[in-house]
Amino acid sequence: MVVCGFEPVDVGESLLSIVQQVLHQTPKVETQYARSVTAQGNLKAQELVQRYFELDDNFYWRGLGEIPHSSLRLKKKFANYDASILFKEHLDGIAKEEHKGCLCGEILRGNKKPFDCKLFGKFCNPQNPLGSCMVSSEGACAAYYKYQGIRPA
């Protein structure tokens, strides 16, 4: 595996690294994108996260349920910037739970494919998303829906 940039020379150099790993049978994770990605990560971003955020005790992830200590929240001293507080009256009516027939949790875990869901493409689509996997264009169901002509064999 090679972490790379988006420029053609980055992609080309990364492909060369992957070919060399295969030829020498030395699988590993490499960073081709060293001008942006370091072993320490983005230290400035880490400092900003530490300054403004703290670990949340519990968070409900659509499709996965509640997972303790899996998200960040703004520190109390920045509460006047917290959208969950500022827009609380607008957010309270939004259902957290997926539709009963939605298989998004199983899809997110890799146990099922979107085509396995009885709601997929019929009742659940990008114009009427019933689960989190269909809400965003990056979601697994939304991607499958967009390219649904390509079905697994």
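Remember, predicted model here, so these are calculated numbers, not experimental data.

### A short note on the side chain of Asp56
Phase 1 of the analysis: Looking at the element boundaries, Asp56 is found in the loop between strand S3 (53-55) and strand S4 (58-61).
Phase 2 of the analysis: Leave out the neighbours within four places in its chain, and Asp56 touches His69, Ser70, Ser71, Leu72 and Arg73.

### What to know about empty space enclosed by the protein
Phase 1 of the analysis: Using the criterion set out here, one finds one cavity of 30 Å³ or more in the structure.
Phase 2 of the analysis: If you go around the largest cavity, the residues you meet are Cys102, Leu103, Cys104, Ile107, Cys117, Leu119, Phe120, Cys124, Gly131, Cys133, Met134 and Cys141.
Phase 3 of the analysis: Broken down by secondary-structure element, the contributors of at least two residues to the lining of the largest cavity are helix H5 (104-108) and helix H6 (132-135).
Phase 4 of the analysis: Within the lining of the largest cavity, the residues separate by chemical class into 11 nonpolar, one polar and no charged.

### Some remarks on a nonpolar patch on the surface
Phase 1 of the analysis: A contiguous nonpolar surface patch, about 390 Å² in accessible area, is contributed by Phe59, Trp61, Leu64, Ile67 and Leu108.
Phase 2 of the analysis: By relative accessible area, which is 32% here, Trp61 ends up partly exposed.

### Quick word on the pairing of strand S5 (residues 65-68)
Phase 1 of the analysis: In this sheet, S5 lies alongside S4 in antiparallel orientation, the contact comprising four bridges. Looking across to S5, one finds that Trp61 is bridged to Gly65.
Phase 2 of the analysis: Connecting S4 to the next strand, S5, in antiparallel fashion are three residues, including Gly63 with a positive phi near 90°.

What counts and how
- Residues numbered from 1 in each chain as written.
- Predicted model: local features only at pLDDT ≥ 70, side-chain atom pairs only at ≥ 80, totals over all residues.
- Heavy atoms only, no water.
- Helix = DSSP H or I, 4+ residues; strand = E, 2+ residues; numbered from the N terminus.
- Contact = heavy atoms within 4.5 Å.
- 1 Å grid on protein atoms, 1.4 Å probe; cavity = no way out; pocket = protein on both sides within 12 Å on 5 of 7 lines; lining within 4 Å.
- Points joined across faces, edges and corners; volume = space filled by probe spheres on them.
- Nonpolar A, V, L, I, M, F, W, Y, C, P; charged D, E, K, R; others polar.
- Patch = residues over 30% accessible without salt bridge, like charges linked within 9 Å, V, L, I, M, F, W, Y side chains within 5 Å.
- Areas by Shrake-Rupley, 256 points an atom, 1.4 Å probe, with all protein chains shown as cover.
- Salt bridge = Lys/Arg side-chain N within 4 Å of Asp/Glu carboxyl O.
- Buried < 20%, exposed > 50% of the residue type's maximum accessible area, 1.4 Å probe, protein only.
- Pairing = 2+ DSSP bridges.

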